[in-house]
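Remarks on the overall topology
Here's the letter readout for the chains.
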Amino acid sequence: QVQLVESGGGLVQPGGSLRLSCAASGFTFSSSVMSWYRQAPGKERELVAGITSSGVSTNYGDSVKGRFTISRDNAKNTVSLQMNSLKPEDTAVYYCNAKGSFTATRRYDYWGQGTQVTVSS
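Residues numbered from 1 in each chain as written. Predicted model: local features only at pLDDT ≥ 70, side-chain atom pairs only at ≥ 80, totals over all residues. Heavy atoms only, no water.

A word on unusual backbone geometry
As a reminder of what qualifies: Under the scheme used here, helices are H or I runs from DSSP no shorter than 4 residues and strands are E runs no shorter than 2 residues, and both carry numbers assigned from the N terminus. Exposure categories follow from relative accessible area, calculated using a 1.4 Å probe and restricted to protein chains: below 20% of the type maximum is buried, above 50% is exposed, and the middle band is partly exposed.
Even without a glycine there, the phi angle at Asn77 is positive, about 55°. Locating Asn77 in the fold gives a position in the loop between strand E7 (68-73) and strand E8 (78-83). Its relative accessible area of 25% is what places Asn77 among the partly exposed residues. A positive phi is found at Ser85, a non-glycine position, where the angle reads about 50°.

Printed below as a string of structure tokens:
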């Protein structure tokens, strides 16, 4: 059974930090591209950060560059998102995502249940 379980969300003041974690199971984590997405009320889901299966390459949404850092531990099947200098506009539900391929033509795209991040004074 595939599971992506996010943790670490909560309420933080502007300028503060949070670290989100996602524990994965039920698929080959080390072969998967892992990403964090977020969705604010009334807005579309957007990519926050992504990391390749090896962890060598990362990419970030323009609004979080320089403030957020994605990392992964393939030995522990976890991916994390360190969020610094948080702003009220970072308030959203944050989702963990895994993408990969079973074969050349069969792909997978798994989502966690989401964790709420609220940035407010």
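Observations regarding the state of the cysteines
Test applied: Put simply, a disulfide is two cysteine sulfurs that come within 2.5 Å.
Applying the stated rule across the entire model yields one disulfide. Disulfide pairing places Cys22 opposite Cys96 at an S-S distance of 2.2 Å. Taking the sign of the torsion about the S-S bond as the criterion, the disulfide between Cys22 and Cys96, at about -85°, is left-handed. Residue Cys22 is found in strand E3 (residues 18-25), and its partner Cys96 is found in strand E9 (residues 92-101); the two are separated by 74 residues along the sequence. Here Cys96 falls in the buried class, since its relative accessible area comes to 0%.

Side note on the nonpolar core
Our working rule: In this description, a nonpolar core means a group of buried Ala, Val, Leu, Ile, Met, Phe, Trp, Tyr and Cys residues linked to one another through side-chain atoms lying within 4.5 Å. What makes two residues a contact is simply this: any of their non-hydrogen atoms within 4.5 Å.
Residues Leu4, Trp36, Val79, Leu81, Met83 and Tyr94 are the most contacted members of the largest nonpolar core, which totals 29 residues. Mapped by element, the contributors of at least two residues to this core are E3, strand E4 (33-39), strand E5 (46-51), E7, E8, E9, strand E10 (107-111) and strand E11 (115-119). Discounting chain neighbours no more than four positions away, the residues touching Leu4 are Cys22, Ala23, Ala24, Phe27, Met34, Cys96, Asn97, Ala98, Tyr110, Trp111, Gly112 and Gln113.

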